[in-house]
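Coordinate inspection notes
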Amino acid sequence: GSELNRNYRREKMLRRLLSSIKDKFKEIAEEKFGVDFRRFDKEDMLLFPDIGFQSQINSDNWNLVCHGWRYEGSKRNKFLGLSISSIGEAIAYLVSNAEQILYLNDTIQRDRIKPFLVEDESHEVIKINIGKSSHIARTDNEGQFRLDLTYSNDDVNQLKKDDIISYTAIGDNGDSQEGVIRLIERNGLSIISDIDDTIKISEVLDKIRLIANTFIHPFKPVLGMADLYQQWKTRYNCSFHYLSAMPDQLYILTQEFINNNNFPNGSFHMRHFHWASKSIFNFVHSQSTFNHKLTYLRYFLSNTLRQFILVGDSGEKDPEVYGVITREYPERIRAIFIRQVSGSLASEERFSAAFENIPKAKWMVFDDPKQVPIDLIIPPRA
C-alpha cells in the first residue's frame, strides 16, 4: 500500500511538473525575446570560429576552414516537427524523483532554449567573402556549411591580423555575419579542451542537473581552470581548441562564458543537436560523441606537426577517446589531464584500461587545477 501511495504521489508530481514545463515552453515561444536573441526569430546564421593551418603537401599554402549554421525561426513554434508541448514532455519525463523535481523550480532561460526552437535551412547557398575573394558554400540537411579553402602564404600574410583572418558570410536574403578563422602554425603547442565538467560545471552524469545547468542556472566555471589555461598561454603561446559534445545551438552562450570567465579564446568544435536524440543527456553520452571527438582529434593531428595537450574529465568518455588518439600518435601527445568528476567511474582499473600502453608519466587525474603543472616540457608525473 505504501509503495502504491508513493508511486501515485510521484506520478501526480510528474504530471504537475509536465504541465508547468509545457506552459513555460509555450510562454517562451510566444513572448518577444531580448535583443541578443531576436536573430532566432528570422532567417539568419551562426558562424563558429574554426582553424586555418599550413598545408602538409605544400608549405606555401594554407587550408582555411569556414563553418556555420543557417536556420530560420519556426513559424509553427515547432522544431523539426515537434511541438513545444512535446519538447516540454520530453524534458519532463527525464525527472525521476521529488528531489530532482525541486531542482527545476527556477526559471528556464529563454535565451538558451530559443536556438532549439528554430528550423535548419538545408540546401541554401551562402556566399563567403575573404578579402577581395568570394566563394560559395551550400548548407547540408542540418543547415550546416563547411568550406575548406586554399590560400597562399602571401595572401594569408596580407589578410591576417594577430593570427586571425576575418570573413563575411552572406545569406540568400542579403543578411550577413562576420566570422573568424584562427591560424595555427605547422609547429607549436595546442591545448585541446573539453568544456562540460572540464572548465564549466554541467554535471553531465545527472540527467536533471544537466538540463538545469544547461537551460536554467548561470554557467559556472570550474574554479582555477581559467588561471591554469592563461598561465599555459603566457608561457607557451599555445593555441586553444574547445572540443565539446554539447549542442552548437549553445555556441553564443558558451563563447560568452569563455569571455566572461577569462578563458583563452580559441576555435569551437561542437555537435548539432536533434530532438531525435530524445534528450541532451542521451545526446552527450551517445557513441556519436565519442566519434565526434575522435574525428576532430585525428583531423588536428593529421593536418599539423604540432604537439598537443589533451584536457578532459571522467564524466564522459574523454579518457577512452584520448587513449585511442595517443596510441595512434604517441610522439605528438605531450600530456593528458583528466578532471575527476564526482559520481563518475574514476577507478584505477578504468584509467589503466583507457591508457593501456601509454606511459603513466604522460597522464594525470586531478580534482583541483592547482595539482596540474604549469611546466608542460616534462611529463606530468615524471
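Since the model is a prediction, treat every value here as computed from it, not as a measurement.

Mapped onto the secondary structure, histidine 123 falls in the loop between β6 (118–120) and β7 (125–130). Residue classification places histidine 123 among the exposed positions, given a relative accessible area of 60%. Through-space distance from the C-alpha of histidine 123 to that of phenylalanine 145 is 9.3 Å; in sequence the pair is 22 residues apart. Those residues in contact with histidine 123 that lie beyond four places of it in its chain are Thr139, Asp140 and Asn141. Of note is the side chain of histidine 123, whose polar atom sits 3.0 Å from the side chain of asparagine 141.

With that settled, the discussion passes to the packing of aromatic side chains. Enumeration over the complete set of coordinates arrives at 15 aromatic pairs. Seen from their ring centres, tyrosine 242 and phenylalanine 268 are 5.4 Å apart, and the 35 degrees between their planes marks the pair as tilted. In this pair, tyrosine 242 sits in strand β15 (residues 239–247) while phenylalanine 268 sits in strand β16 (residues 267–271), placing the two residues 26 residues apart along the sequence. On the basis of an interplanar angle of 70 degrees and a centroid distance of 6.2 Å, the ring pair of phenylalanine 300 and phenylalanine 308 is categorised as edge-to-face. Pairwise contacts between aromatic rings join Phe219, Tyr229, Trp232, Phe240, Phe257, Phe263 and Phe337 into one cluster. Between the NZ or CZ atom of arginine 146 and the centre of the ring of tyrosine 299, over which it lies, the distance is 5.1 Å. Directly above the ring of phenylalanine 219 sits lysine 200, whose terminal nitrogen or CZ lies 4.3 Å from the centroid.

Another aspect to go through is the side chain of arginine 332. Note that arginine 332 resides in the loop between α11 (318–328) and β18 (333–339). The residues touching arginine 332, leaving out its near neighbours within four places in the chain, are Phe300, Leu301, Thr304, Leu305, Arg306, Gln307 and Phe308.

Our next topic: the sheet that holds β18. The strand order across the open sheet formed by 6 strands is β16-β15-β12-β17-β18-β19, and the pairing between neighbours is parallel. The open sheet has two edge strands, β16 and β19 (363–366), and neither has a second partner. Looking at each pair of strands side by side, their axes are set apart by 15 degrees on average, direction ignored. Relative to β18, strand β17 (residues 307–313) is paired through 6 bridges, and the arrangement is parallel. Bridge pairing in β18 places isoleucine 309 opposite alanine 335. Set on the sheet, helix α7 (residues 225–236) makes contact with β12 (189–193), β15, β17, β18 and β19; between it and β17 the angle comes to about 180 degrees. Packed onto the sheet, helix α8 (residues 251–260) meets β15 and β16 and runs at close to 140 degrees relative to β16.

If you walk through the whole model with that rule in mind, you get 13 salt bridges. For lysine 293, the salt bridge is made with glutamate 316, and the minimal N-O distance between the two is 3.7 Å. Here lysine 293 is found in helix α10 (residues 287–303), whereas its partner glutamate 316 is found in the loop between β17 and α11, with 23 residues between them in sequence. Of the two residues, lysine 293 and glutamate 316, both sit in the buried class. Here arginine 298 ties to glutamate 328 by a salt bridge, and the two come within 2.6 Å at their closest N and O atoms. Of this pair, arginine 298 sits in helix α10 while glutamate 328 sits in helix α11, and the two are 30 residues apart along the sequence. For glutamate 328, a relative accessible area of 37% translates into the label partly exposed. Salt bridges linked by common partners bring Glu43, Arg70, Glu124, Asp172 and Asp175 together as one network.

Further remarks concern the environment of threonine 214. Locating threonine 214 in the fold gives a position in helix α6 (residues 207–215). Exposure remark for threonine 214: the relative accessible area of 2% places this residue in the buried category. With 32 residues separating them along the chain, threonine 214 and methionine 246 place their C-alpha atoms 9.4 Å apart.

Turning our attention to the environment of serine 122. With respect to the helices and strands, the residue serine 122 is situated in the loop between β6 and β7. Given the relative accessible area of 31%, serine 122 is considered partly exposed. In the structure, serine 122 is positioned 22 residues away from glutamine 144 in sequence and 7.6 Å away in space, judged by C-alpha atoms. Beyond its immediate stretch of four places on either side in the chain, serine 122 contacts Thr139, Asp140 and Asn141.

So, how was this worked out
- Residues numbered from 1 in each chain as written.
- Predicted model: local features only at pLDDT ≥ 70, side-chain atom pairs only at ≥ 80, totals over all residues.
- Heavy atoms only, no water.
- Helix = DSSP H or I, 4+ residues; strand = E, 2+ residues; numbered from the N terminus.
- Buried < 20%, exposed > 50% of the residue type's maximum accessible area, 1.4 Å probe, protein only.
- Contact = heavy atoms within 4.5 Å.
- Polar contact = N/O pair within 3.5 Å; in protein donor to acceptor, adjacent residues only side chain to side chain.
- Phe/Tyr/Trp six-rings, centres within 6.5 Å; stacked < 30°, edge-to-face > 60°.
- Lys NZ or Arg CZ within 6 Å of the ring centre and 35° of its normal.
- Pairing = 2+ DSSP bridges.
- Axes fitted to C-alpha atoms, helices over the stretch in contact; angles between N-to-C directions.
- Salt bridge = Lys/Arg side-chain N within 4 Å of Asp/Glu carboxyl O.

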